[in-house]
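Commentary on secondary and tertiary structure
Residue strings, one per chain:
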Amino acid sequence: MTFECLSLTTTADGVGTITLKRPEKLNALSRQLEDELREATAQVATDGAVRVLVLTGAGRAFSAGGDVSGMGPGGGWDLPEAERRARFQALHQVAMRLQTMPKPTIAMVNGVAAGAGCNLALACDMRIAAVGARFGLAFVRVGLGDDMGGAWLLPRLVGVGRALELFLSGDLIDAEEALRIGMVNRVVPAANLHDETYALATRLAQGPPRAQALIKETVYRGLGMGLQELLDFEAERQSEQMAHPEHREGVAAFLEKRAPRFDA
């Protein structure tokens, strides 16, 4: 697929970047952008050259969410229900892929992240926001519920009560408040956003890919497990990982007092 509404690039350090590119619409999610996001994330998930993914937006927004101009007659409620549902199911593949791909994902939030755009950031493993960025689940303002897994993601970060307040009010909060309630990992000056995000991404890209995939899988699966079930899962996977070359390299590097060299 040739991308028109986003770009996909990869550095020599193994950091891949998906940049939403509808700045004139605050990177609102049109159907074409949704299709391209689904394809781009699928490519990243299976690309061995990409060890960490950064997701961001061009211009002054991360993403303002769904493109409301396409929700009216002819593009939204006029469509057959089966077609509407299929579109949501296709879009939801993006959120699932960000959660399940075996590599870290980082949302670099450069501006407003609202509605589905906010949920897109929440679906990433980590979020670094610029001072001045804003977050909100504004679905209620256009008479809708939630999509892209926000109702699963947000309560796990901020708690049920705070999540419901954000969903039911549709209010936007600033980056500092998002940091205070645990919605983002860091808030940095806008001028430093790129450098700080890519410093983290590059550092993670130097880590052991298989162990990172195991950690990510364990954390997310653990959210739906009881303690004993998780302990059993950890015992199984950890014993497998101990036989992997990554573990041997990590131990050798520690004993030899050098930096480990983890191959993809």
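Everything discussed here concerns the structure shown above.
We now turn to the structure provided with this report. What you see is a predicted model; the values in this text were computed from it and never measured.

With respect to the environment of C124
Counting through the fold element by element, C124 comes out in the loop between α3 (116-122) and β7 (126-130). Residues C124 and M96, 28 residues apart in the sequence, show an inter-C-alpha distance of 9.7 Å. Among residues more than four places away in sequence, those in contact with C124 are L55, L98, T105, I106, A107 and Y220.

Comments concerning the pairing of strand β5 (residues 105-109)
Taken across its five residues, β5 has five buried, putting it largely inside the fold. A two-sided burial pattern is seen for β5, the buried positions comprising T105, A107 and V109 on one face and I106 and M108 on the other. Alignment of strand β3 (residues 52-57) against β5, held across four bridges, turns out to be parallel. Residue pairing for β5: L53 is matched across the bridge by T105. Sheet topology note: the β5/β7 ladder contains four bridges and is parallel. Bridge pairing in β7 places A107 opposite R127.

Quick look at the pattern of salt bridges
All chains considered together, the criterion is met by 14 salt bridges. The residue R87 makes a salt bridge to E34 at a minimum N-O spacing of 3.0 Å. Highlighted residues: R87 in helix α2 (residues 81-100) and E34 in helix α1 (residues 31-46), separated in sequence by 53 residues. A residue is classified by how much of its surface remains accessible, and R87, at 25% relative accessible area, is partly exposed. Taking the shortest distance from any N to any O, the salt bridge between R162 and E165 comes out at 3.3 Å. A residue pair is termed a helical-turn pair when its members lie 3 or 4 positions apart in one helix, as R162 and E165 do in helix α5 (residues 160-169) at three residues. Three or more residues are tied together by salt bridges with common partners; here these are R162, E165, E177 and R180.

Description of the nonpolar core
Counting residues in hydrophobic clusters, the biggest one holds 47 residues, and the most contacted among them are F135 and M183. Each residue touching M183, except ones within four places of it in the same chain, is listed here: C118, L122, R127, F135, L137, L154, L157, V158, L166, I173 and A178. In terms of nonpolar packing, the next biggest core, distinct from the first, is built from 15 residues, V15, M108, A130 and L193 among them.

What counts as what
- Each chain has its residues counted from 1, running along the sequence as written.
- Selection of residues for local features in this predicted model requires a pLDDT of at least 70, selection of side-chain atom pairs for listing and counting requires 80 or more, and totals for whole chains, interfaces and linings are taken over all residues.
- Note that water and hydrogens are dropped before the side-chain values are worked out from all heavy atoms of the structure.
- Here a helix means four or more residues in a row that DSSP labels H or I, a strand means two or more in a row labelled E, and each is numbered from the N terminus.
- Only heavy atoms matter for contacts: two residues are in contact if any of them lie within 4.5 Å across the pair.
- Burial classes: relative accessible area under 20% of the type maximum marks a residue as buried, over 50% as exposed, and values in between as partly exposed (1.4 Å probe, protein chains only).
- Pairing between two strands is assigned when DSSP locates at least 2 bridges connecting them.
- In the sections that follow, a salt bridge refers to a side-chain nitrogen of Lys or Arg positioned within 4 Å of a carboxyl oxygen of Asp or Glu.
- By convention a nonpolar core is built from buried Ala, Val, Leu, Ile, Met, Phe, Trp, Tyr and Cys residues, the set being connected through side-chain atoms within 4.5 Å.

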